[in-house]
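# Fold and geometry: a report
Listed below, chain by chain, are the residues.
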There are 2 protein chains.
Amino acid sequence: MLTVTTANVNGIRAAARKGFVEWLSDTTADVVCLQEVRATDEQVPVEVRDVDGWHMIVAPAADKGRAGVAVLSRETPARVQVGFGSEEFDVSGRYLEVDLPGVTVASLYLPSGETGTPRQDQKERFMAEFAEYLVALRKRAEADNRHVVICGDWNIAHQEIDLKNWKANKKTAGFLPEEREWMTRVFDDIGYVDVARRLHPEGPGPYSWWSYRGRAFDNDAGWRIDYHIATPGLAEAAKTAVVERAATHDARWSDHAPVTVTYAV
Amino acid sequence: MLTVTTANVNGIRAAARKGFVEWLSDTTADVVCLQEVRATDEQVPVEVRDVDGWHMIVAPAADKGRAGVAVLSRETPARVQVGFGSEEFDVSGRYLEVDLPGVTVASLYLPSGETGTPRQDQKERFMAEFAEYLVALRKRAEADNRHVVICGDWNIAHQEIDLKNWKANKKTAGFLPEEREWMTRVFDDIGYVDVARRLHPEGPGPYSWWSYRGRAFDNDAGWRIDYHIATPGLAEAAKTAVVERAATHDARWSDHAPVTVTYAV
DNA sequence: CCTACAAGG
DNA sequence: CCTTATAGG
């Protein structure tokens, strides 16, 4: 059994002050993928960095205080890869891949974008380059007889059931037609599987992100943008998928909730 | 009897969250001079701006979130003056003068400076221009038969007894020889009086500012840089001068403590 | 070690 | 409505 969690922490220093450390010491996960760490290795609070029994790798952004992904694992990874071979994005703290026995686990933080701005162009450049990488990664995994799961904040809600107010958000970055179609291609053309949706085909939700503005969390006006996107064999091995909304409810240390999947591998 | 308090609030919005509102509702002062308000009129929390029985005038800096002085008085001032006739400094939120019956009260926030930098040059330009104004103000007050007191953060410790570690700070802005000599000229040549020191000639202290760094407050490693500087007649009428260290100890809402003087006028 | 601002989300 | 960075203190 391998339990993997993904969580966008929205600043690991702030999260550590608000309950992330307690969540980490309670979790039974074997691997934790983090996004928006917003800190270098040295800036990660020692209560997180030196927590007993965990191995931590951080891929910070060159731009101070922005983005940043990390992987915590109980086993030491056999291989670590920062970035996916992109000149533009490999220093942006958005992709970190580690090899654990039989399975490659990646932490992804896809740009959030902003409709009609250069930030949306950047998101689309990322999506185009990353889709190519996903193809190569899948081929490599098949050749090596390895499973792959890309965990993280993909910043796209795939279907109408993946956000509460889909009608109001048809022109909002994260639910644009071209973004949704891109995710469809990841599934249907490249061959990855949305693990949580496969286990729970019925919507709406469960959501994994709620804006801090207004009463979005209390009203469950959220989006499902945090995914486990896995190769088919691993997706079929998934036994449970849970959004730990309660974990964040007791002590809300991020605007995202952890998404945890247990794989029978 | 006229009781006047001066307090550098280090951001009135932060201070209001931390206990300044309670301090204000408890004080028996008739006039309160504030420095480092760091807010425009509209940005001042309503609990302060609309507090019953007080009239408030704010002189913010053109530079958002910086400096800013204010005067709260139970009586409506007959005259209000922002700045002291300086092209450079009148928009810098550092001087506000009001006329109350028989006495002119000013709130001053002198630049803090920084040894060997342009900020120290600015402080010295301010000191030069302001000294000239002090001469004119004293003459005008005598002609009008009015008392004057300039309350505020002068950002200079005058003597060795005015800071805990004077030996270590001989090259620190706020205790430079030229700054101390300038204050001596304000007293000996221009004829103003350091009210609190006149009532309490013995040092060391009492200090009115303690750095937030380290344990400066607990160790009373402070500076006396907040003064009531008055014309001689008013200084002679001063009955008590108190640094409200306890007020800030119960709920420390600033790195400065209020300095309160009661005048028998 | 605080403040407020700015930019990103 | 959050985060971190920055300048000023």
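Residues numbered from 1 in each chain as written. Chains lettered and ligands numbered in written order. Predicted model: local features only at pLDDT ≥ 70, side-chain atom pairs only at ≥ 80, totals over all residues. Heavy atoms only, no water.

An unreviewed UniProt entry annotates chain A as Exodeoxyribonuclease III Xth originating from Stackebrandtia nassauensis. What UniProt states about chain A under its Sequence similarities (unreviewed entry) heading is, verbatim, "Belongs to the DNA repair enzymes AP/ExoA family." (UniProt positions renumbered as here; feature names shortened; annotations may be inferred.)

## Quick notes on the overall build of chain A
Per the secondary structure count, chain A includes eight helices and 14 strands. Here the C-alpha radius of gyration of chain A, 17 Å, is about what a compact globule of 265 residues would show, namely 18 Å. Its C-alpha atoms give chain A principal-axis dimensions of about 45 × 45 × 35 Å. In chain A, buried positions account for 55% of the 265 residues. For chain A, the accessible surface area stands at approximately 11600 Å², while carbon and sulfur atoms represent 49% of it. Measuring between centres, the 31 positive side-chain charges of chain A sit 5 Å from its 40 negative side-chain charges. (Helix = DSSP H or I, 4+ residues; strand = E, 2+ residues; numbered from the N terminus. Rg over C-alpha atoms; globule rule 2.2 N^0.38 Å. Buried < 20%, exposed > 50% of the residue type's maximum accessible area, 1.4 Å probe, protein only. Areas by Shrake-Rupley, 256 points an atom, 1.4 Å probe, with all protein chains shown as cover. Lys, Arg positive; Asp, Glu negative; His and termini not counted. Charge placed at Lys NZ, Arg CZ, Asp CG, Glu CD.)

## Some thoughts on the protein's contact with DNA strand D
As a structural note, the neighbourhood of DNA strand D is formed by 19 residues, with A:Arg38, A:Lys64, A:Tyr212, B:Arg119 and B:Arg213 the closest of them. Near the protein, meaning within 4 Å, the atoms of DNA strand D are sugar or phosphate in a fraction of 81%, with bases accounting for the rest. Take A:Tyr212: an N or O atom from its main chain is 3.4 Å from a sugar or linking oxygen of DNA strand D. The side chain of B:Arg66 places a nitrogen or oxygen atom 3.5 Å from a sugar or linking oxygen of DNA strand D. Partitioning the surface near DNA strand D into residue classes produces three nonpolar, five polar and eleven charged. (Near = heavy atom within 4 Å. Polar contact = N/O pair within 3.5 Å; in protein donor to acceptor, adjacent residues only side chain to side chain. Nonpolar A, V, L, I, M, F, W, Y, C, P; charged D, E, K, R; others polar.)

## So, the protein's contact with DNA strand C
Every one of the 18 residues lining DNA strand C counts as a neighbour, but A:Arg119, A:Arg213, B:Lys18, B:Arg38 and B:Tyr212 are closest to it. Note that a sugar or linking oxygen of DNA strand C is positioned 3.5 Å from one of the side-chain N or O atoms of A:Arg66. Note that a phosphate oxygen of DNA strand C is positioned 3.2 Å from one of the backbone N or O atoms of B:Ala14. Looking at which element gives the most residues to the surface near DNA strand C, the answer is helix H1 (residues 12-18) of chain B, with four residues. A breakdown of the residues in the surface near DNA strand C according to their chemical character gives three nonpolar, five polar and ten charged.

## Some remarks on a negative patch on the surface
Residues and elements named next belong to chain A. Among the surface-exposed residues, Asp121, Glu124, Glu178 and Glu181 lie close enough to one another that they form a single negatively charged patch. For the negative patch, the secondary-structure elements that each account for two or more residues are helix H4 (118-144) and helix H5 (177-188). Here Glu178 lies in helix H5. Glu178 gets classed as partly exposed once you look at its relative accessible area, which sits at 39%. (Patch = residues over 30% accessible without salt bridge, like charges linked within 9 Å, V, L, I, M, F, W, Y side chains within 5 Å. Salt bridge = Lys/Arg side-chain N within 4 Å of Asp/Glu carboxyl O.)

## Let's talk about the pattern of salt bridges
Residue and element names in this part refer to chain A. This structure, assessed with the given rule, holds 29 salt bridges over all chains. Between Arg224 and Asp194 there is a salt bridge, with the nearest N and O atoms lying 2.6 Å from each other. Here the residue Arg224 occupies a position in the loop between strand S11 (222-223) and strand S12 (226-230), and Asp194 occupies one in strand S9 (residues 193-194), the gap between them amounting to 30 residues. Pair check on accessibility: Arg224 and Asp194 agree, each one buried. The residue Arg245 makes a salt bridge to Asp220 at a minimum N-O spacing of 3.7 Å. Residue Arg245 is found in helix H8 (residues 245-250), and its partner Asp220 is found in the loop between strand S10 (209-210) and S11; the two are separated by 25 residues along the sequence. Here the salt bridges share partners, and the residues they tie into one network are Arg79, Glu97, Asp99, Arg140 and Arg146.

## Focus on the UniProt feature "site: Transition state stabilizer" (unreviewed entry) in chain A
All names here are of chain A. Per the UniProt entry, the sites bearing "site: Transition state stabilizer" (unreviewed entry) are Asn155 in this numbering. In contact with Asn155, not counting residues within four places along its chain, are Tyr109, Leu110, Pro111, Ser112, Lys123, Gly174 and Ile225. A distance of 2.8 Å separates a polar atom in the side chain of Asn155 from the backbone oxygen of Leu110. (Contact = heavy atoms within 4.5 Å.)

## A closer look at the sheet that holds strand S8 (residues 147-153) of chain B
Residue and element names in this part refer to chain B. One open sheet holds the six strands; their spatial order is S5-S6-S7-S8-S12-S9, and the pairing between them is mixed. Looking at which strands have only one partner, the edges of the open sheet turn out to be strand S5 (79-82) and strand S9 (193-194). Here strand S6 (residues 95-100) runs beside strand S7 (residues 103-109); their pairing, made up of six bridges, is antiparallel. The residue of S7 that forms the bridge with Asp99 is Thr104. Sitting on the sheet, helix H4 (residues 118-144) is in contact with S5, S6, S7 and S8, with an inclination near 10° to S6. Its contacts with the sheet put helix H5 (residues 177-188) on S9 and strand S12 (226-230), and the angle it makes with S12 is roughly 30°. (Pairing = 2+ DSSP bridges. Axes fitted to C-alpha atoms, helices over the stretch in contact; angles between N-to-C directions.)

## A word on the packing of H4(A) against H5(A)
Residues and elements named next belong to chain A. Where H4 meets H5, the axes come as close as 11 Å, and the angle between the chain directions of the two elements is 10°. Taken together, the axes of H4 and H5 are roughly parallel relative to one another. Here Gln120, Lys123, Glu124, Met127, Ala128, Phe130, Ala131 and Leu134 of H4 come into contact with H5, specifically with Glu178, Glu179, Trp182 and Val186. Class assignment for the residues of the contact of H4 with H5 results in seven nonpolar, one polar and four charged. (Parallel < 35°, antiparallel > 145°, perpendicular 65-115°, else oblique.)

## Things to note about the side chain of A:Glu179
On the secondary structure map, A:Glu179 appears in helix H5. A polar contact is formed between the side chain of A:Glu179 and the side chain of A:Gln120, at a distance of 2.7 Å.

## Quick notes on the packing of aromatic side chains
For any pair of aromatic rings, the description consists of the separation of the ring centres together with the inter-plane angle of the planes. Under the defined criterion, the tally for this structure stands at 32 aromatic pairs over all chains. Between A:Trp23 and A:Trp253, the aromatic rings sit 5.6 Å apart at their centres with planes inclined by 55°, giving tilted as the arrangement. Here A:Trp253 lies in the loop between H8 and strand S14 (259-263) and A:Trp23 lies in helix H2 (residues 20-26), a separation of 230 residues in the sequence. Judged by relative accessible area, A:Trp23 falls into the buried class, the value being 7%. Aromatic side chains A:Phe130 and A:Trp154 sit 5.9 Å apart centroid to centroid with 65° between the ring planes, which places their arrangement in the edge-to-face category. Of this pair, A:Phe130 sits in helix H4 while A:Trp154 sits in the loop between strand S8 (147-153) and H5, placing them 24 residues apart in sequence. Three or more aromatic residues joined by ring pairs form one cluster here, namely A:Phe84, A:Phe89, A:Tyr95, A:Phe126, A:Phe130, A:Tyr133, A:Trp154 and A:Trp182. The positively charged end of B:Arg245 is found above the aromatic ring belonging to B:Trp210, 5.2 Å away from the centroid. (Phe/Tyr/Trp six-rings, centres within 6.5 Å; stacked < 30°, edge-to-face > 60°. Lys NZ or Arg CZ within 6 Å of the ring centre and 35° of its normal.)

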